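Residues per chain are reported as follows:
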Amino acid sequence: MNENRLLNLNEDIPQDFFVFVNFKNVVTEHNLRVTKTFTSGAFAQLHMIDFAKKYIANTIDYLPFIPNPSPDVKILSIFNVGITSEYRTEYNAELSRKYNFPNYPSRLSAVYAFGDKETCRIVSNKYHWDINTVRRFRLNPNPLNKVVKVNMEIVSLERHANSISMMNADTINNIWQSYWTGFGNIVMELPIANGGRKEFHSEVIWEYLIEGQLILIE
């Protein structure tokens, strides 16, 4: 593994990363103030020998729980769809990573970051995240670091699709193949309110998933 290169694209890992820090979260604020670092979930456990072996072998099970394969109620209420669609998105993402890209960082463990301030401004304008909470970090060198560059808007579109439609296995697989391989804009035809269908474009905002430790430098 070349610790200076992305796992999924033929590009160098950025020297600096930019993170929206949620200072309203007590744990987040405490960790940054005390340690001046953000560490991914898996990296924080590498001192455990058995866990470290699984990490190196790419066999860690990151899923906190799995969907019920045979629920009695087949027609879901709007409330049910609303509270489960978010996790269904992450479940699909993790299954794709586990079976197709097991050496990539898991969304359920990674630190999320952007590669430049301009992308942070775009995200702030689109999602109303506070640009004043952005802090600059540098990746602590380690041969076990794992970094991928992905289009976060694929996830946004898949979340929307999950909340309004049922997708077959091929569609789900294609979405996450695009995501993990660092693809740009994807297009999905989805139902709309008047009973018709419409093409939705994911558009593109690049972010980085990092298994490792980021050190605050600003």
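Everything discussed here concerns the structure shown above.
Bear in mind that the values here come from a model prediction, so they are computed numbers and not experimental data.

Conventions used here
Residues numbered from 1 in each chain as written. Predicted model: local features only at pLDDT ≥ 70, side-chain atom pairs only at ≥ 80, totals over all residues. Heavy atoms only, no water. Pairing = 2+ DSSP bridges. Helix = DSSP H or I, 4+ residues; strand = E, 2+ residues; numbered from the N terminus. Axes fitted to C-alpha atoms, helices over the stretch in contact; angles between N-to-C directions. Salt bridge = Lys/Arg side-chain N within 4 Å of Asp/Glu carboxyl O. Contact = heavy atoms within 4.5 Å. Phe/Tyr/Trp six-rings, centres within 6.5 Å; stacked < 30°, edge-to-face > 60°. Buried < 20%, exposed > 50% of the residue type's maximum accessible area, 1.4 Å probe, protein only. Lys NZ or Arg CZ within 6 Å of the ring centre and 35° of its normal. Parallel < 35°, antiparallel > 145°, perpendicular 65-115°, else oblique. Left-handed = near helix turned anticlockwise from the far one by under 90°. Nonpolar A, V, L, I, M, F, W, Y, C, P; charged D, E, K, R; others polar.

Note: strands within a sheet are paired through backbone hydrogen bonds, in either parallel or antiparallel orientation. Spatially, four strands are ordered 1-4-9-2 in an open sheet, and the strand pairing comes out antiparallel. Both edges of this open sheet fall to strand 1 (17–20) and strand 2 (37–39), since each of them pairs with a single strand only. Averaged over all adjacent pairs, the angle separating strand axes in this sheet is 35 degrees, with direction ignored. Of the strand pairs in this sheet, strand 1 and strand 4 (residues 134–139) are connected by four bridges, and their pairing is antiparallel.

By the definition in use, this model includes 13 salt bridges. A salt bridge links glutamate 153 to lysine 126; the nearest nitrogen and oxygen atoms lie 2.3 Å apart. Of this pair, glutamate 153 sits in helix 5 (residues 152–164) while lysine 126 is found in helix 4 (residues 117–127), placing the two residues 27 residues apart along the sequence. With a shortest N-O distance of 3.6 Å, lysine 126 and glutamate 203 are connected by a salt bridge. With lysine 126 in helix 4 and glutamate 203 in the loop between strand 7 (197–201) and strand 8 (206–211), the pair connects residues that are 77 residues apart, well separated along the chain.

Mapped onto the elements, serine 85 comes out in helix 3 (residues 78–100). Excluding its chain neighbours within four sequence positions, the residues that come into contact with serine 85 are Asn162 and Ser163.

Here the focus is the packing of aromatic side chains. Counted by the stated rule, this structure contains twelve aromatic pairs. Ring geometry for phenylalanine 17 against tyrosine 208: centres 5.4 Å apart, planes inclined by 75 degrees, an arrangement best described as edge-to-face. Note that phenylalanine 17 is positioned in strand 1 and tyrosine 208 in strand 8, a separation of 191 residues in sequence. In terms of burial, phenylalanine 17 and tyrosine 208 fall into one category: buried. By way of ring pairs, the aromatic residues Phe101, Tyr104, Trp176, Tyr179 and Trp180 are connected into one cluster. Sitting over the face of the ring of tyrosine 55, lysine 146 holds its NZ or CZ atom 4.2 Å from the ring centroid.

Attention now goes to the packing of helix 5 against helix 6 (residues 169–180). Helices that pack against each other are described as a pair by the angle of their axes relative to one another and the distance between those axes. At a closest axis distance of 9 Å, the pairing of helix 5 and helix 6 adopts a crossing angle of 160 degrees. With respect to their mutual orientation, helix 5 and helix 6 come out roughly antiparallel. As for the relative orientation of helix 5 and helix 6, their crossing is left-handed in sense. Packed against helix 5, whose contacting residues are Ile154, Val155 and Glu158, the element helix 6 presents Ile175, Trp176, Ser178 and Tyr179 at the interface. Partitioning the contact of helix 5 with helix 6 into residue classes produces five nonpolar, one polar and one charged.

Packing of helix 4 against helix 5 leaves a shortest axis separation of 13 Å and a crossing angle of 20 degrees. The pairing of helix 4 with helix 5 is recorded here as roughly parallel in orientation. Of the two possible hands of crossing, helix 4 and helix 5 adopt the one that is right-handed. Counting all contacts with helix 4, which are made through Val123, Lys126 and Tyr127, the residues of helix 5 involved are Met152, Glu153 and Ser156. The class makeup of the residues in the contact of helix 4 with helix 5 is three nonpolar, one polar and two charged.

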